[in-house]
Amino acid sequence: MRSALDPRARLGQDRFMHIRTGLLCLLLCLFPLRVAAEDVLLRSSSLLPAAYDSYLALNLKLPPQNRTLPLVGDRGLRSGGQVLRHLAGQQAVNGFDGVIYDNRDHGHSSLPEELFPRLDRLVYDKTLRKARADYGLAGKILLPAVVFGNSSTSVTTGPAKRSLPRLAMTSPGGPERSAQLYENNHLYVYPEHRDHDETDRFPANWPYMLISQGSSGSDQPFLAALAMTLAAFPPDTFAALRDNRLIAPTLQMILRRGYAPVRSRAAYFTALAHPVVFEGDALRPGRMMGEAAAIRPDAIPPMVRLRVEQDGFGEAEGLARLSERLFDTDGAIARIWRNFDWSREITVSAAATRDPNGRALTFTWALLQGDPARVRIEPLDPEGSRARIRVAWHDPKTVLTRDRTGYHNRSLSRVEIGVFASNGVHDSAPAFVTVFFPDHQKRVYATSGAGGMRLVSVDYDAIGRDAYYDPVLFWSAPWTDRAEYDGAGARTGWTRIGHDGNTRTLPPEIGEGVYQIERLQPERPYLIMP
């Protein structure tokens, strides 16, 4: 019998150890040990119908947070996670209890698991995957959890190519479903993909999602920043925000307050803090985590809720008699200018806004984008909870912008007004009132004899000028209409000048309501003259 000290015995043991180690390595390659939280399976059988053609996943259960896993992985430290680790060592933080991540692009731009090993991730069952419920724009499914996610995709085929945010803004039910997500603790990130380059093509601004400048992968800095901010809330603050359904508005406030150009409270009420699209390299996750860690449950900010009291924008305007009311939701009201008038008026109330702790509120209405000489905001009560807004026509404006690739010119055709509520401790995320102008039309206004402004002409021929327009919202026509007036300034008719130079006289009402939109070329709809 060989002694344990016998070299031949040691040699046999070494060979055995090598074989065992090799087998273990092979098994780990084939079946790697999981060093992240378990996936949470969403089953189609658990979905119940809800408002706006959506579904509620009532029976979805999140497992307890696995505290044997690190809150932040080593790779996460390079994304700012060292601040989160420091906070977790100084005070109680929520971590990822009750939080789930939803990737909606089949892993194309997924938040890496090794960044935040404790974070639960949503997966969909076979039936839902087959129905593509796990892909693209979110909004069809509401989860009983705090959710953040992304889809680094866009509509790249068909006549109405667009980013997912613009799809949400221009699709039936899209604004309502987006608002419903926001008001139920869901916040998603999508790239602007070609909708915010030489031209800002978004018809509105809203707080319901985050839009990243760029295409695939540009959403990654936002996902990491949101994850760390959610984890940094004190547990009691997180619970208060969750129960009051204020997670998404508070994340929006924190991100905008910590955005690199925003250095003061005064700057928070300017366009610096509220672009329709954000630059990933201007995020400041450290600031965001510090802000989240400092919020107390008795001081959480409210969500502004808007209502239209009087509306000067119509349901059937312009030659095609289309609605100017793009959408009305609690956090965003959007209008499209189709009328011929020089100015319009709308009265909006934020009086339905309530502070979750019953604190008294004051309101700020701030012009974020537009010509101050052509926009007037008149508060109607001492707290500023109601305001009368008067907007005059805006031609497209080209501004010089700067991003990580350098300086660029960008054309803008939207007026934006932000509405904020303050409870004396924190300012809320913005709600928005926006007006979008048909920048593919060339309009001329001039001073009338009575001293006001009136329309001189409208060139509708966007196709002839090769000017882009959104085929979902607008149309082109091969003519220019010149308005005719009498000595008293009343419009007496129109002179229509065709693209071939021929003219035609039309009555003052210009035959409104009898035009048809032809969609033989779906990407370029045009109006048929009666």
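For the structure itself, consult the block above.
What comes next is a walk through the structure.

Conventions we followed
One numbering rule holds for all chains: residues counted from 1, following each sequence as written. The model is predicted, so local features are restricted to residues of pLDDT at least 70 and side-chain atom pairs to those at 80 or more, both for listing and for counting; the totals for chains, interfaces and linings are taken over all residues. Excluded from the side-chain calculation are hydrogens and water; included are all heavy atoms of the structure. Secondary structure follows DSSP: runs of H or I at least 4 residues long count as helices, runs of E at least 2 residues long count as strands, and numbering of each begins at the N terminus. Burial classes: relative accessible area under 20% of the type maximum marks a residue as buried, over 50% as exposed, and values in between as partly exposed (1.4 Å probe, protein chains only). Whether two residues are in contact is decided by their heavy atoms: any pair within 4.5 Å suffices. The pairing criterion is simple: DSSP has to find at least two bridges between the two strands. Lines are fitted to the C-alpha atoms to define the axes, a helix being fitted only along its stretch in contact, and any angle between axes, read from their N-to-C directions, falls within 0 to 180 degrees. The arc refers to the directions leading from the helix axis to the C-beta atoms. Between N or O atoms, a polar contact is any pair within 3.5 Å; within protein, one atom must be a potential hydrogen donor and the other a potential acceptor, and residues adjacent in sequence are included only when both atoms are from side chains. Pairing of aromatic rings covers Phe, Tyr and Trp, the last through its six-membered ring, and needs centres within 6.5 Å; plane angles under 30 degrees mean stacked, over 60 mean edge-to-face, and all others mean tilted. Here, the term nonpolar core denotes a set of buried Ala, Val, Leu, Ile, Met, Phe, Trp, Tyr and Cys residues that are joined through side-chain atoms within 4.5 Å.

The topology assignment puts alanine 273 in the loop between helix H9 (265-268) and helix H10 (285-294). Since its relative accessible area comes to 0%, alanine 273 is described here as buried. For the pair alanine 273 and tyrosine 190, spaced 83 residues apart in sequence, the C-alpha to C-alpha distance is 18 Å. Other than its neighbours up to four places away in sequence, alanine 273 contacts Arg256, Val262, Ala267, Tyr268 and Phe278.

The subject of this paragraph is the sheet that holds strand E12 (residues 307-311). Pairing in this open sheet of 4 strands is antiparallel, and the strands run E12-E15-E18-E17 from one edge to the other. Bordering the open sheet on either side are E12 and strand E17 (375-379), each of which pairs with just one other strand. The average angle at which neighbouring strand axes cross in this sheet is 20°, direction not considered. Sheet analysis places E12 next to strand E15 (residues 343-349), joined by 4 bridges and oriented antiparallel. Residue pairing for E15: valine 308 is matched across the bridge by valine 348.

This part covers H10. Taken together, the buried positions of H10 are occupied by Pro285, Met288, Met289, Ala292 and Ala293. Taken end-on, H10 shows its buried residues confined to a sector of 130°, consistent with a single buried face.

This paragraph deals with the side chain of arginine 496. With respect to the helices and strands, arginine 496 occurs in strand E26 (residues 491-498). Within the structure, the side chain of arginine 496 is placed 2.7 Å from the side chain of aspartate 481, a separation counted as a polar contact. For arginine 496, the side chain forms a polar contact with the side chain of tyrosine 515, separated by 2.9 Å. Excluding anything up to four places from it in sequence, arginine 496 contacts Leu319, Trp479, Thr480, Asp481, Asn502, Thr503, Arg504, Leu506, Ile510, Tyr515 and Met529.

Let us look at unusual backbone geometry. A positive phi angle, near 55°, is found at histidine 106, a position not held by glycine. With respect to the helices and strands, histidine 106 occurs in the loop between strand E4 (99-103) and strand E5 (120-124).

Quick look at the packing of aromatic side chains now. For the structure on display, the rule yields 20 aromatic pairs. Ring geometry for tryptophan 206 versus tyrosine 208: centroids 5.1 Å apart, planes at 50°, classification tilted. Across the pair, tyrosine 208 and tryptophan 206 agree in class, each one buried. Here tryptophan 393 and tyrosine 445 contribute two aromatic rings whose centre-to-centre distance is 5.8 Å and whose plane-to-plane angle is 40°, an arrangement assigned as tilted.

A few words now on the nonpolar core. The biggest cluster of nonpolar side chains holds 103 residues, and the ones touching the most others in it are Leu42, Phe116, Leu143, Phe148, Leu230 and Phe233. Considering each element in turn, this core owes the most residues, 10 residues, to helix H6 (residues 220-232). Other than its neighbours up to four places away in sequence, leucine 143 contacts Leu42, Ala57, Leu60, Ile100, Leu122 and His186. One finds Phe363, Ile417, Phe437 and Ala483 within the second-largest nonpolar core, a separate group that totals 42 residues.

To continue, consider the sheet that holds strand E22 (residues 431-436). One open sheet accounts for 5 strands, arranged E13-E14-E22-E21-E16; its pairing is mixed. On the outer flanks of this sheet lie strand E13 (325-329) and strand E16 (362-369), each paired with one strand and no other. Sheet twist, expressed as the mean angle between neighbouring strand axes with direction ignored, is 10°. Pairing of strand E14 (residues 332-336) with E22 involves 5 bridges; the strand directions are parallel. Bridging from a neighbouring strand, alanine 334 pairs with threonine 434 of E22.

Now for the pairing of E14. Of all 5 residues in E14, 5 are buried; the element is thus mostly enclosed. Residues Ala332, Ala334 and Ile336 point to one face of E14 and Ile333 and Arg335 to the other, with burial holding for every one of them. Of the strand pairs in this sheet, E13 and E14 are connected by 4 bridges, and their pairing is antiparallel. Residue pairing across strands places threonine 329 opposite alanine 332, the latter belonging to E14.

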